[in-house]
Amino acid sequence: MKQLAAGANFARFELGDLVVIALRDGYVDLPTDRLRKSDGSAFGDHFPAQVDLVNGKLRLSVNAFLVIDGERHILIDTGASNYWDPTMGLLFAALAEAGVDRAKIRTVAFTHSHEDHVNGLLDLDGAPAFPQLDRIYVPEKEVSLFEAYPGLVQFLPLITPLPWGTCIENRITAVQADGHEVGHTAFEISSAGETLLIWGDIIHVPSIQFAQPEVSWGFDNDQAQARLTRKIMLARATWPNCHVAGAHLEFPGVGTVAKSGNGYFFKPLTLALVR
Ligand SMILES: [Zn+2]
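Given the structure is predicted, the values throughout are model-derived calculations rather than measurements. (Residues numbered from 1 in each chain as written. Predicted model: local features only at pLDDT ≥ 70, side-chain atom pairs only at ≥ 80, totals over all residues.)

Asker: Tell me about the overall build of the chain, and name the residues and values.
Answerer: Counting secondary structure elements, the chain contains five helices and 17 strands. Its C-alpha atoms give the chain a radius of gyration of 17 Å, near enough to 19 Å, the size a compact globule of 275 residues would have. Along the longest, intermediate and shortest principal axes, the C-alpha atoms of the chain span 50 × 50 × 35 Å. When burial is assessed residue by residue, the chain has 44% of its 275 residues classed as buried. Long-range contacts, defined here as pairs at least 24 residues apart, represent 66% of the contacts in the chain between residues at least 6 apart. (Helix = DSSP H or I, 4+ residues; strand = E, 2+ residues; numbered from the N terminus. Rg over C-alpha atoms; globule rule 2.2 N^0.38 Å. Buried ≥ 20, exposed ≤ 12 C-beta atoms within 10 Å, placed from the backbone. Contact = placed C-beta atoms within 7 Å.)

This is the structure in C-alpha cells:
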C-alpha cells in the first residue's frame, strides 16, 4: 500500500488496483475519564503520562474512508456532519479537496451506528449529502440502533442489513468486531496480495491503546468484549502485507501494526517520495 497524494483534509492511497482515500471529518475533544483501566474504572489521579492531551482533554481524530474500485465509490462511515460539535463535519470539504464528486458515491457502509459515523448522510444544512445514494450497508445487529434516529428515517428504504462474513461490492468483507457496539464491524479489503483492515473504533486513544490493548474506552458498549476484539484485531493486523485504517487514529489514520513487548505499536504510512 502506498500513499500517493495528500492535502489538509484528505490522503489518497493505492491498494493493488484500488484507490482508498482517507477523509478528515475533524476531531472531538473528550474528558480524560473516558479512558478506562482493565477493571473498567477511570485512572483518576494516576492518569498515564504517555497519553497525549490537548488542553487537558483527549483529542480524537474523526476519519472516514472512501474505497474506489473502477467507477464504484464505496464510502465507509460518513463522519458527524452537524451532529455534536462544529469541530467535525469537514467530510464534504475533504471530498471536494480530493476531487471526488459526491454524486459518484452510491454506496455507503457503516462500521456501526454511532452519530459520529452515520450522521454524515446529511450535509451541514440537513439535506441528503449524497444525491445518487442507492444502498446503505448497516451491520445486521446495528439496524435497530440505526432505525432509532428520527433524522435518518428517510434512509431506511436504502438499508441492506450486513451479516458478518459477507462479501460486498466484490472486494470488501464484513468482519466481526463487536464490543464497542453490539454489531461493530471491520471491513477487510484485499487487492493484489495486500490487505487493508478498515477497523472503525477498535482504538480511540492511540498513544496508549496500541501499547496497552487492555486499556478501554468509556463509550464501549461491552468493555470486556471490546478488549478481546481489540486484541484479535491487533494480532490480525500484524500479518504480512496488512495495513489498518482507523476512524479515530490520528489523521489520515492509515498504517501498519507491529508487536512490541506485551503490546503493539503503530507506524503511520506517510507520503511516498515522488521522483
Ligand atoms: Zn467513533
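Asker: If you had to explain the environment of Pro240 to someone new, which residues and values would you point to?
Answerer: Looking at the secondary structure, you find Pro240 in the loop between helix H5 (223–237) and strand S15 (242–246). Taking the C-alpha atoms as reference points, Pro240 and Glu194, separated by 46 residues in sequence, lie 8.4 Å from one another.

Asker: Kindly report on the nonpolar core, identifying the contributing residues and their values.
Answerer: Core analysis: the largest hydrophobic core is formed by 72 residues, its most contacted members being Ala22, Leu23, Phe65, Val67, Ile76 and Ile198. Non-local contacts of Ile76, meaning those with residues more than four positions away in its chain, are made with Ala64, Phe65, Val67, Ala109, Thr111, Phe187 and Ile198. (Core = buried A, V, L, I, M, F, W, Y, C linked by C-beta atoms within 7 Å.)

Asker: An account of the environment of His204 is requested, with residue identities and associated values reported.
Answerer: Tracing the backbone through its elements, the reader meets His204 in the loop between strand S13 (194–200) and helix H4 (206–209). Separated by 15 residues in sequence, His204 and Phe219 place their C-alpha atoms 9.8 Å apart. When residues no more than four places from it in sequence are discounted, the contact partners of His204 are Leu60, Gln209, Trp217 and His248.

Asker: A description of unusual backbone geometry should follow, citing residues and the corresponding values.
Answerer: For the bond running from Phe251 to Pro252, omega is 5°, close enough to zero to count as cis. Its identity is not glycine, yet Asn55 carries a phi of approximately 50°, on the positive side. In this structure, Asn55 sits in the loop between strand S4 (35–36) and strand S5 (58–69). Phi at Glu169 takes a positive value of approximately 50°, unusual for a residue other than glycine. Turning to its location among the elements, Glu169 is positioned in the loop between strand S10 (167–168) and strand S11 (172–176).

Asker: Tell me what's going on with H5, and back it up with residues and numbers.
Answerer: For H5, spanning 15 residues, the distance from its first C-alpha to its last is 20 Å, which sits close to the expected 21 Å at 1.5 Å a residue. Turning to H5, its buried residues number three or more, namely Ala226, Arg227, Thr229, Arg230, Met233, Leu234 and Ala237. For H5, the angular spread of the buried residues around the axis is 165°, confining them to a single face. Looking at the packing, one finds that the buried side of H5 touches strand S12 (185–191), S13, strand S14 (216–217), S15, strand S16 (254–260) and strand S17 (263–268). (Expected span 1.5 Å × (residues − 1). Arc of directions from axis to C-beta.)

Asker: Could you give me a rundown of the sheet that holds strand S2 (residues 10–15), with the residues and numbers involved?
Answerer: Adjacent strands of a sheet pair through backbone hydrogen bonds, lying either parallel or antiparallel. Pairing within the open sheet is mixed, and its eight strands lie in the order S1-S2-S3-S5-S6-S7-S8-S9. The outermost strands of the open sheet, each flanked by one partner alone, are strand S1 (2–6) and strand S9 (159–162). Strand after strand, the sheet turns through a mean of 25° between neighbouring axes, direction not considered. Where strand S6 (residues 72–76) lies against strand S7 (residues 105–109), four bridges are found, and the strand directions are parallel. Note on S7: the bridge partner recorded for His73 is Ile105. (Pairing = 2+ DSSP bridges. Axes fitted to C-alpha atoms, helices over the stretch in contact; angles between N-to-C directions.)

By themselves, these observations are geometric and do not establish any function.
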